[in-house]
Amino acid sequence: MNEATIGDADRAYFNGAIKAIATQSSVLVSSSRYLNHAPLRALIAQEMLRRNGPDLPNTAYIPEVAQIFHDLEDMPRIIQLFEMEKARLPEFRRWLEEKRLADFTIAELEHCAPGTLGAAIREFMVNSGYQLDLFFQEVQVVNDFTYYLRQTALTHDIEHMVTGFGPNHGGEIALLTANMHAKARYFHPELSAFFSRIAYYLKAKTILKDGLHYPEAMVVNLEAEYRGAEQGRNWKMPLMLVNWRARVDQQIVDIRRELGVTPAEEGLWLDTNRLCNEDDPDYRPALQAAE
């Protein structure tokens, strides 16, 4: 017998204000354009409830969900918000006017000294097996919006390098959280929400999957959320606005000091992927991982 029984008094307290609204529709209809999107409902339910199996890695279907969110945006309103914030925020206006893409090549960073941002980017491109250009690769920069898409995709891993939040389970959560806080403190709430839309989805699905299936990863999740919020609220501006091309010859420690990127600790959560990614060759179920 399951003693965790939700009773009538509980339902009355939480559901008492529910009102039935009649409709002639033969299908689900809602005031939320997101709930009305059947493929999005299915993807979110699946991605928030499933395990990170070897057949479907943790990153599965991120492009599909991102595309749906972008398709559902009120783009005239988003462009209006861009213009409003350009008039209010000099750094944002300058970033969009200059359009300095961080599409670095290995060759142009060969001269960078050890400890500089350029050296870290070069090492990442040579040794990691990954590429800076991980999203919106086919988008052509023709206006402010397309520049935003391309640049923020290109700089994700640069932000990992500068913040010290590595590309691992804890580091990804910390970087997501830091960006959310920094953008919410800087931009108009509507534009901040747009900039963080995909991040909200990624964080929500990760929290639920960790909470349901990977308890040790959930402990890391909470620590990473705290550290990310702490750091992001110290940034002098959202890191998306930084001209990284102008800083390749700077020491990373100096960049951190100038941008308020503190505290930053190297090597946090290095092996945390094994706690929740079942496609990781070092994955261990919770009982083994706790030893």
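Right above here is the structure, for reference.
My aim in this report is to walk through the structure given alongside it, one point at a time.

Calculation notes
- Residues numbered from 1 in each chain as written.
- Predicted model: local features only at pLDDT ≥ 70, side-chain atom pairs only at ≥ 80, totals over all residues.
- Heavy atoms only, no water.
- Helix = DSSP H or I, 4+ residues; strand = E, 2+ residues; numbered from the N terminus.
- Buried < 20%, exposed > 50% of the residue type's maximum accessible area, 1.4 Å probe, protein only.
- Areas by Shrake-Rupley, 256 points an atom, 1.4 Å probe, with all protein chains shown as cover.
- Lys, Arg positive; Asp, Glu negative; His and termini not counted.
- Charge placed at Lys NZ, Arg CZ, Asp CG, Glu CD.
- Salt bridge = Lys/Arg side-chain N within 4 Å of Asp/Glu carboxyl O.
- Expected span 1.5 Å × (residues − 1).
- Arc of directions from axis to C-beta.
- Contact = heavy atoms within 4.5 Å.
- Axes fitted to C-alpha atoms, helices over the stretch in contact; angles between N-to-C directions.
- Parallel < 35°, antiparallel > 145°, perpendicular 65-115°, else oblique.
- Nonpolar A, V, L, I, M, F, W, Y, C, P; charged D, E, K, R; others polar.
- Core = buried A, V, L, I, M, F, W, Y, C linked by side-chain atoms within 4.5 Å.
- Phe/Tyr/Trp six-rings, centres within 6.5 Å; stacked < 30°, edge-to-face > 60°.
- Patch = residues over 30% accessible without salt bridge, like charges linked within 9 Å, V, L, I, M, F, W, Y side chains within 5 Å.

## Details of the overall build of the protein
Helix and strand content of the protein: 14 helices and 0 strands. Judged by the C-alpha coordinates and their principal axes, the protein covers about 70 × 55 × 35 Å. Looking at the protein residue by residue over its 291 residues, the buried ones come to 43%. Roughly 16000 Å² of accessible area belongs to the protein as shown, and the carbon and sulfur atoms make up 55% of that amount. Between the averaged position of the 30 positive side-chain charges in the protein and that of its 41 negative side-chain charges there is a distance of 6 Å.

## Brief notes about the environment of arginine 257
Relative to the helices and strands, arginine 257 is located in helix H13 (residues 252-259). Along the chain, arginine 257 and tryptophan 235 lie 22 residues apart, while their C-alpha atoms are 9.8 Å from each other.

## Side note on the pattern of salt bridges
Inspection of the entire model under this criterion finds 17 salt bridges. In this structure, the salt-bridge partner of lysine 203 is glutamate 225, at a minimum N-O distance of 3.1 Å. Taken together, the positions of lysine 203 in helix H11 (residues 197-213) and glutamate 225 in helix H12 (residues 215-232) put the pair 22 residues apart, joining distant regions of the chain. The exposure class of glutamate 225 is partly exposed, given its relative accessible area of 27%. The residue glutamate 265 makes a salt bridge to arginine 227 at a minimum N-O spacing of 2.5 Å. You can see glutamate 265 sitting in the loop between H13 and helix H14 (286-289) and its partner arginine 227 sitting in helix H12, a full 38 residues away along the chain.

## A look at H12
Taking 1.5 Å of rise per residue, the 18 residues of H12 would be expected to cover 26 Å, and the 26 Å separating its terminal C-alpha atoms lies within 8% of that figure. Residues of H12 that are buried: Ala217, Met218, Val220, Asn221, Ala224, Gly228, Ala229, Gln231 and Gly232. Seen end-on, H12 carries its buried residues on one side only, within an arc spanning 160°. Relative to its buried face, H12 has exposed residues pointing more than 90 degrees away, namely Val219 and Tyr226. Looking at the buried side of H12, the elements it contacts are helix H8 (156-163), helix H9 (169-186) and H11.

## A short note on the packing of helix H4 (residues 75-88) against helix H7 (residues 144-154)
Axis separation between H4 and H7 bottoms out at 10 Å; the angle between their running directions is 90°. When the axis of H4 is compared with that of H7, the two are roughly perpendicular. Contact residues: H4 offers Met75, Ile79, Phe82, Glu83 and Lys86, while H7 offers Asp144, Phe145 and Tyr148. Each residue belonging to the contact of H4 with H7 can be placed in one class, and the counts come to 5 nonpolar, no polar and 3 charged.

## Details of the nonpolar core
Of all hydrophobic cores here, the largest spans 55 residues; its most connected members are Phe82, Phe92, Tyr148, Phe187, Phe195 and Trp244. Sorting elements by how many residues they give to this core places H9 first, with 6 residues. Sequence-distant contacts of tryptophan 244, that is, excluding residues within four places in its chain, are made with Phe104, Leu117, Gln151, Thr155, Ile158, Val162, Leu239, Ile255 and Leu259. Core analysis: the next-biggest nonpolar cluster, separate from the first, contains 12 residues, Leu40, Leu72, Met180 and Ala199 among them.

## Observations regarding the packing of aromatic side chains
Aromatic rings in a pair are described by how distant their centres are and how their planes are angled relative to each other. Considering all chains together, one arrives at 19 aromatic pairs under this definition. Between phenylalanine 145 and tyrosine 148 the ring centres are 6.1 Å apart and the planes differ by 40°, which places this aromatic pair in the tilted class. Of this pair, phenylalanine 145 and tyrosine 148 are both found in helix H7, 3 residues apart, which corresponds to roughly one turn of the helix. Here the aromatic residues Phe82, Phe92, Trp95, Phe145, Tyr147, Tyr148, Tyr186, Phe187, Phe194 and Phe195 are joined through ring pairs into a cluster of three or more.

## Digging into a nonpolar patch on the surface
On the surface, Leu49, Leu208 and Leu212 cluster together into a nonpolar patch covering about 260 Å² of accessible area. For leucine 208, the position within the fold is in helix H11.

## Re unusual backbone geometry
Note the cis peptide between threonine 262 and proline 263, where omega equals -5°. Among the secondary structure elements, proline 263 is positioned in the loop between H13 and H14. In this model, tyrosine 61 sits at a positive phi of 70°, which is unusual for a non-glycine residue. Residue classification places tyrosine 61 among the partly exposed residues on the basis of a relative accessible area of 33%. At tryptophan 269, a position not held by glycine, the phi torsion is positive, near 60°. The topology assignment puts tryptophan 269 in the loop between H13 and H14. Its relative accessible area of 9% is what places tryptophan 269 among the buried residues.

## Some thoughts on the environment of isoleucine 252
Inspection of the secondary structure puts isoleucine 252 in helix H13. In this structure, isoleucine 252 is in contact with Gly115, Thr116, Leu117, Ala120, Met161 and Val162, ignoring residues within four places of it in sequence.

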